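For reference, the chains in residue letters:
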Amino acid sequence: MLLLGNFLYVSVLLVNAIAILSEDRFLARINLSSSSYDPAFGAGPDSQSAKGKVINLIASVRTLMRIPLIAINTLIISYELVLG
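Think of each chain on its own: its residues are numbered from 1, step by step along the sequence as written. Per-residue local features of the predicted model are confined to residues with pLDDT of at least 70, and side-chain atom pairs are confined, for both listing and counting, to 80 or more; whole-chain, interface and lining totals are unaffected and use all residues. Only hydrogens and water are removed before side-chain values are computed, so all heavy atoms of the structure are retained for them.

Draft legend 1. Molecular detail of the overall build of the protein. A count of helices and strands for the protein gives four helices and zero strands. Going from N to C terminus, the protein has its helices and strands arranged as α-α-α-α. The buried label goes to any residue with under 20% of its type's maximum accessible area, the exposed label to any with over 50%, and the partly exposed label to all in between, with areas taken from a 1.4 Å probe on protein chains only. Here the protein holds 84 residues, and the buried ones make up 14% of them. By definition, residues are in contact when any of their heavy atoms lie within 4.5 Å. Taking as baseline every contact in the protein between residues at least 6 positions apart, the subset at least 24 positions apart corresponds to 58%. Of the roughly 6700 Å² of accessible surface on the protein, a fraction of 69% belongs to carbon and sulfur atoms. The way it works is that DSSP assigns letters per residue, a run of H or I at least four long becomes a helix, a run of E at least two long becomes a strand, and they are numbered from the N terminus. Accessible areas in this description were obtained via Shrake-Rupley with a 1.4 Å probe; residue shielding takes into account the shown protein chains only.

Listed below in structure tokens is the structure:
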């Protein structure tokens, strides 16, 4: 059970880290913002580079996990306060 709890904490922390990355300040500086990505001419969605896939992953985590992360973080904080 201890291994599962640690895995849960690590995964939530990693998703939090991806979700709070600032697109203007950090991602644009290292060319990982969605506005700076320009795929090669004629490249379809199946032939995306690794950089394109990372940019899409960051954008989808920031979009889809915003509300669930609030609930998950609240549950973890309350669990740690009560039983921690």
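Draft legend 2. Representation of the side chain of Asn 16. Secondary-structure assignment places Asn 16 in helix α1 (residues 2-19). With a relative accessible area of 17%, Asn 16 lands in the buried category. Only 3.1 Å separates the side chain of Asn 16 from the side chain of Asn 73, close enough to count as a polar contact. Setting aside its immediate chain neighbours within four residues, Asn 16 contacts Leu 69 and Asn 73. Polar contact is defined as a pair of N or O atoms within 3.5 Å, subject to the rule that within protein one atom must be able to donate a hydrogen and the other to accept it, and that residues adjacent in sequence are counted only when both atoms are side-chain atoms.

Draft legend 3. Examining the packing of α1 against helix α4 (residues 66-83) more closely. Where helices are involved, their axes are fitted lines through C-alpha atoms of the stretch in contact, as for all axes, and angles between N-to-C directions lie from 0 to 180°. At their nearest, the axes of α1 and α4 sit 11 Å apart, and the two run at 135° to each other. Comparing their axes, α4 and α1 come out oblique. Where α1 crosses over α4, the handedness of that crossing is left-handed. Two secondary-structure elements touch here, α1 through Tyr 9, Val 12, Val 15, Asn 16 and Ala 19 and α4 through Leu 69, Ile 72, Asn 73, Ile 76, Tyr 79 and Glu 80. Here the residues of the contact of α1 with α4 are counted per class, giving eight nonpolar, two polar and one charged. Orientation categories follow fixed angle ranges, with anything under 35 degrees roughly parallel, anything over 145 roughly antiparallel, 65 to 115 roughly perpendicular, and all other angles oblique. Take the far helix as your reference; a near helix turned counterclockwise from it by less than a right angle gives a left-handed crossing, and one turned clockwise gives a right-handed crossing. Nonpolar residues are Ala, Val, Leu, Ile, Met, Phe, Trp, Tyr, Cys and Pro. Charged residues are Asp, Glu, Lys and Arg, and all others, Gly as well, are polar.

Draft legend 4. Expanded view of the side chain of Arg 62. Within the secondary structure layout, Arg 62 lies in helix α3 (residues 50-64). According to the relative accessible area criterion, Arg 62 is buried, its value standing at 19%. Excluding anything up to four places from it in sequence, Arg 62 contacts Ile 18, Ala 19, Leu 21, Glu 23 and Leu 27.

Draft legend 5. Structural view of a nonpolar patch on the surface. Patches here: salt-bridge-free residues with over 30% relative accessible area, like charges joined within 9 Å, nonpolar side chains (Val, Leu, Ile, Met, Phe, Trp, Tyr) joined within 5 Å. Only one rule defines a salt bridge in this text: a Lys or Arg side-chain nitrogen within 4 Å of an Asp or Glu carboxyl oxygen. Taken together, the side chains of Ile 77, Tyr 79, Leu 81, Val 82 and Leu 83 define a hydrophobic patch exposed on the protein surface, amounting to about 600 Å² of accessible area. Turning to its location among the elements, Leu 83 is positioned in helix α4. Classification of Leu 83 as exposed rests on a relative accessible area of 61%.

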